[in-house]
Amino acid sequence: MKVKLADIIDAIEFTDQYSEYFLDRETGEIVMISDITMTHEEKEAAYDALDEHGFYRLPTQYELRDYDTMSSFADSLPGNAHDRLVSAISGRGAFRRFKDEVRRLGIENQWYTWHDEAYKRKAARWCEENGIEYE
């Protein structure tokens, strides 16, 4: 079974507190199970199909630690930009302050490229750790 890395990344990014994603071992399909959009019966049927085929639970964006990604991005920058971003990610509200500071510094494209590459590396590592071929 070969999966598309982009599909794994999309599932990770769309995970929230009400949903989780699984990779069906037999079909290679990514299955979302949601407390909001699915009835109890639909969820049970999805879980039964996954149990029948075997599955991998995909990591969530929370498990991939976006804070670490922000910190490594800040560490990659020189001088004032580094200092401002390190300060922004300290304490409560770090994510909002970080994004605001990235915008003020005019480095949004650089941040999103860094973020996307970090997710790609993390998704590839997850596939490798689970013996899953990807493209």
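See the structure above.
Here is what the cut-offs are and how they apply
- Residues numbered from 1 in each chain as written.
- Predicted model: local features only at pLDDT ≥ 70, side-chain atom pairs only at ≥ 80, totals over all residues.
- Heavy atoms only, no water.
- Axes fitted to C-alpha atoms, helices over the stretch in contact; angles between N-to-C directions.
- Helix = DSSP H or I, 4+ residues; strand = E, 2+ residues; numbered from the N terminus.
- Left-handed = near helix turned anticlockwise from the far one by under 90°.
- Contact = heavy atoms within 4.5 Å.
- 1 Å grid on protein atoms, 1.4 Å probe; cavity = no way out; pocket = protein on both sides within 12 Å on 5 of 7 lines; lining within 4 Å.
- Points joined across faces, edges and corners; volume = space filled by probe spheres on them.
- Nonpolar A, V, L, I, M, F, W, Y, C, P; charged D, E, K, R; others polar.
- Buried < 20%, exposed > 50% of the residue type's maximum accessible area, 1.4 Å probe, protein only.
- Pairing = 2+ DSSP bridges.
- Phe/Tyr/Trp six-rings, centres within 6.5 Å; stacked < 30°, edge-to-face > 60°.
- Lys NZ or Arg CZ within 6 Å of the ring centre and 35° of its normal.

K.L.:
In this structure, what is going on with the packing of helix α3 (residues 66-75) against helix α5 (residues 94-105)? I would like to understand it.
P.N.:
The relative placement of two packed helices is expressed as an angle between their axes plus a distance between the axes. For the pair α3 and α5, interaxial distance at closest approach is 11 Å and the crossing angle is 35°. Classified by chirality, the crossing of α5 by α3 is left-handed. Across the interface between the two elements, D66, Y67, M70 and F73 of α3 pack against F95, F98 and V102 of α5.

K.L.:
Can you walk me through the layout of surface pockets in this structure?
P.N.:
To locate leftover empty space, one rolls a probe as large as a water molecule over the atoms. Of the voids in this model, the largest pocket is the one considered here, and its volume is about 160 Å³. In terms of lining, the largest pocket is formed by D66, M70, F95, K99, W111, Y112, H115 and D116. Of all the secondary-structure elements, those providing two or more residues to the lining of the largest pocket are α3, α5 and α6 (108-129). Ranked by residue count, the leading element in the lining of the largest pocket is α6, at four residues. A per-class count over the lining of the largest pocket returns four nonpolar, one polar and three charged.

K.L.:
Is there a simple way to think about the pairing of strand β2 (residues 19-24) in this case?
P.N.:
When a strand is regular, its side chains alternate between the sheet's two faces. Buried residues dominate β2, accounting for five of its six residues. Direction of pairing for β2 relative to strand β3 (residues 30-34): antiparallel, over a ladder of five bridges. Across the sheet, the residue bridging to Y21 is M32, located in β3. Hairpin connection between β2 and β3: a loop of five residues separates the two successive antiparallel strands, and G28 in this loop has a positive phi of roughly 80°. Where β2 lies against strand β4 (residues 55-57), three bridges are found, and the strand directions are antiparallel. Bridge assignment links F22 to a residue of β4, and that residue is R57.

K.L.:
Please explain the packing of aromatic side chains as it appears in this structure.
P.N.:
The way to describe two aromatic rings as a pair is by their centre distance and the angle between their planes. With the rule as written, the count across this model stands at seven aromatic pairs. Ring geometry for F22 against Y47: centres 6.1 Å apart, planes inclined by 75°, an arrangement best described as edge-to-face. With F22 in strand β2 and Y47 in helix α2 (residues 40-53), the pair connects residues that are 25 residues apart, well separated along the chain. A centroid spacing of 6.0 Å and a plane angle of 80° characterise the contact between Y56 and W126, whose relative ring orientation is edge-to-face. Separated by 70 residues along the polypeptide, Y56 in strand β4 and W126 in helix α6 bring together distant segments of the chain. W126 shares its class with Y56; the two are buried. Here the basic side chain of R25 rests over the ring of Y56, its NZ or CZ set 4.1 Å away from the ring centre.

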